[in-house]
Amino acid sequence: MTMRLVNVRQGLMLGLLMLTAALAGCDDKVKAERDALYQQNQELQGELTTSRGALEAANSDRSRLESQVADLQGQMAAKPAPSKGAANPFGGIEGIDVTAGNGVITVRVPGDVLFESGKVDIKSTAKKTLGQIASVIKTQYPGKVVRVEGYTDSDPIKKSKWADNKELSAHRALAVERYLISQGLPDDKLYSAGFGEANPRSTKALSRRVEIVVVMN
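Enquirer: Would you mind showing me how to read the overall build of the protein here?
Expert: Check the secondary structure of the protein and you find 5 helices and 5 strands. In the protein, the succession of α and β elements from N to C terminus is α-β-β-α-α-β-α-β-α-β. Considering only residue pairs separated by 6 or more positions, the protein has 71% of its internal contacts joining residues 24 or more positions apart.

Encoded structure:
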């Protein structure tokens, strides 16, 4: 009887040991699976973050392109269809943009062509361009009122003597007005104004400009 009890007890002990080992093995397997799932989740989170960044960049590029397309469409809409044999009298002048509509002809000259950053002194290389514009206005549109408009980008004035962008644009427009007068345009037919960052174009570089507007009415 005693021997049988011993055997039974030994059997129970052996069974407990085997169960404990099995449970330990299960715990290791569960832990390994859990670690693998955690690692997979981290990788998916990383891929999601990358995808979101790419999507935001794509949306930004799309918005920029849509803005440029809208600007180009506006420019095309403002240009009247030329009649047969008609030609743009400003066509031979490099680096400018010319549109016509609503009773005016607008000659846009990039600000970076005309001036150094934050300056109002006309570059010597730009004086030829302004001289050519003045010559066309004198010969093709004599007696017309000419409005010179100055514009800047939206960056605030930081290191300059100008109080703000509007003041800078006004002085630039005045400098161009005075140079056109020096090239023979009548003083009483010209006036200038500064508009600062108003009426921005599709890029900051295009926003920095002087527009010479010939009033046809």
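Enquirer: What am I meant to see in the side chain of Asp153 here?
Expert: Looking at the secondary structure, you find Asp153 in the loop between β3 (145-151) and α4 (165-182). Owing to a relative accessible area of 8%, Asp153 belongs among the buried residues under this scheme.

Enquirer: What's the story with the nonpolar core in this structure? I'm lost.
Expert: Soluble globular proteins tend to bury their nonpolar side chains together. In this structure, Phe90, Ile133, Val176 and Ile212 are the most contacted members of the largest nonpolar core, which totals 30 residues. When contributions to this core are tallied by element, the ones reaching two or more residues are β1 (97-101), β2 (104-110), α3 (124-140), β3, α4 and β5 (209-215). In terms of residue count, α3 provides more of this core than any other element does, 6 residues in total. Look past the residues within four positions of Val176 in its chain and what remains in contact with it is Leu114, Phe115, Ile122, Leu130, Val148, Val210 and Ile212.

Enquirer: Looking at this structure, how should I read the pattern of salt bridges?
Expert: Between side chains of opposite charge, pairing is possible as soon as their charged atoms come close. Applying the stated rule across the entire model yields 8 salt bridges. The closest approach of N and O atoms between Lys204 and Asp155, which form a salt bridge, is 2.7 Å. Residue Lys204 is located in helix α5 (residues 204-207), and its partner Asp155 is located in the loop between β3 and α4; the two are separated by 49 residues in the primary sequence. The exposure class assigned to Lys204 is partly exposed, which follows from its relative accessible area of 43%. Of the charged contacts, one joins Arg209 and Glu211 as a salt bridge, the two residues approaching to 2.7 Å between their closest N and O atoms. Each member of the pair, Arg209 together with Glu211, is buried.

Enquirer: In this structure, what is going on with unusual backbone geometry? I would like to understand it.
Expert: For residues that are not glycine, phi is negative in most cases, and the peptide bond is trans in most cases. Even without being glycine, Asn102 reaches a positive phi, approximately 55°. In this structure, Asn102 sits in the loop between β1 and β2. By relative accessible area, which is 82% here, Asn102 ends up exposed. Here the phi dihedral of Asn199 falls at roughly 50°; this positive angle occurs in a residue that is not glycine. Its place among the elements puts Asn199 in the loop between β4 (190-194) and α5.

Enquirer: Just to check I follow, could you spell out the packing of aromatic side chains for this structure?
Expert: The geometry of two aromatic rings is summed up by the distance between their centres and the angle between their planes. Enumeration according to the criterion identifies 2 aromatic pairs in this entry. For the ring pair Phe90 and Tyr141, a centre distance of 6.2 Å and an interplane angle of 15° mean the geometry is stacked. Note that Phe90 is positioned in the loop between α1 (2-78) and β1 and Tyr141 in the loop between α3 and β3, a separation of 51 residues in sequence. Of the residues examined, Phe90 reaches a relative accessible area of 1% and is grouped as buried. Ring geometry for Tyr151 and Phe195: centres 5.4 Å apart, planes at 15°, overall stacked. One end of the pair, Tyr151, is in strand β3; the other, Phe195, is in the loop between β4 and α5, with 44 residues separating them in the sequence. For Tyr151, a relative accessible area of 4% puts it in the buried group. Its relative accessible area of 33% is what places Phe195 among the partly exposed residues. The residue whose ring lies beneath Arg209 is Tyr151, and the NZ or CZ to ring-centre distance is 4.0 Å.

Enquirer: For this particular structure, what's the right way to read the side chain of Ser207?
Expert: Mapping Ser207 onto the fold places it in helix α5. A polar side-chain atom of Ser207 sits 3.0 Å from the main-chain amide nitrogen of Arg201. A polar contact of 2.8 Å, which involves the side chain of Ser207, links it to the backbone oxygen of Thr203. Dropping the residues within four chain positions of it, Ser207 is found in contact with Tyr151, Thr152, Asp153, Pro200 and Arg201.

Enquirer: Can you help me understand the layout of surface pockets in this one?
Expert: Empty space among the atoms can be located by rolling a probe the size of a water molecule over them. Its boundaries defined by the atoms lining it, the second largest pocket holds a volume of some 270 Å³. What lines the second largest pocket is a set of 18 residues, among which Ser117, Gly118, Asp153, Leu168 and Arg208 lie closest to the centre. Listed by contribution, the elements that provide at least two residues to the lining of the second largest pocket are α2 (111-114) and α4. It is α4 that provides the largest number of residues to the lining of the second largest pocket, a total of 3 residues.

Conventions used here
- Residues numbered from 1 in each chain as written.
- Predicted model: local features only at pLDDT ≥ 70, side-chain atom pairs only at ≥ 80, totals over all residues.
- Heavy atoms only, no water.
- Helix = DSSP H or I, 4+ residues; strand = E, 2+ residues; numbered from the N terminus.
- Contact = heavy atoms within 4.5 Å.
- Buried < 20%, exposed > 50% of the residue type's maximum accessible area, 1.4 Å probe, protein only.
- Core = buried A, V, L, I, M, F, W, Y, C linked by side-chain atoms within 4.5 Å.
- Salt bridge = Lys/Arg side-chain N within 4 Å of Asp/Glu carboxyl O.
- Phe/Tyr/Trp six-rings, centres within 6.5 Å; stacked < 30°, edge-to-face > 60°.
- Lys NZ or Arg CZ within 6 Å of the ring centre and 35° of its normal.
- Polar contact = N/O pair within 3.5 Å; in protein donor to acceptor, adjacent residues only side chain to side chain.
- 1 Å grid on protein atoms, 1.4 Å probe; cavity = no way out; pocket = protein on both sides within 12 Å on 5 of 7 lines; lining within 4 Å.
- Points joined across faces, edges and corners; volume = space filled by probe spheres on them.

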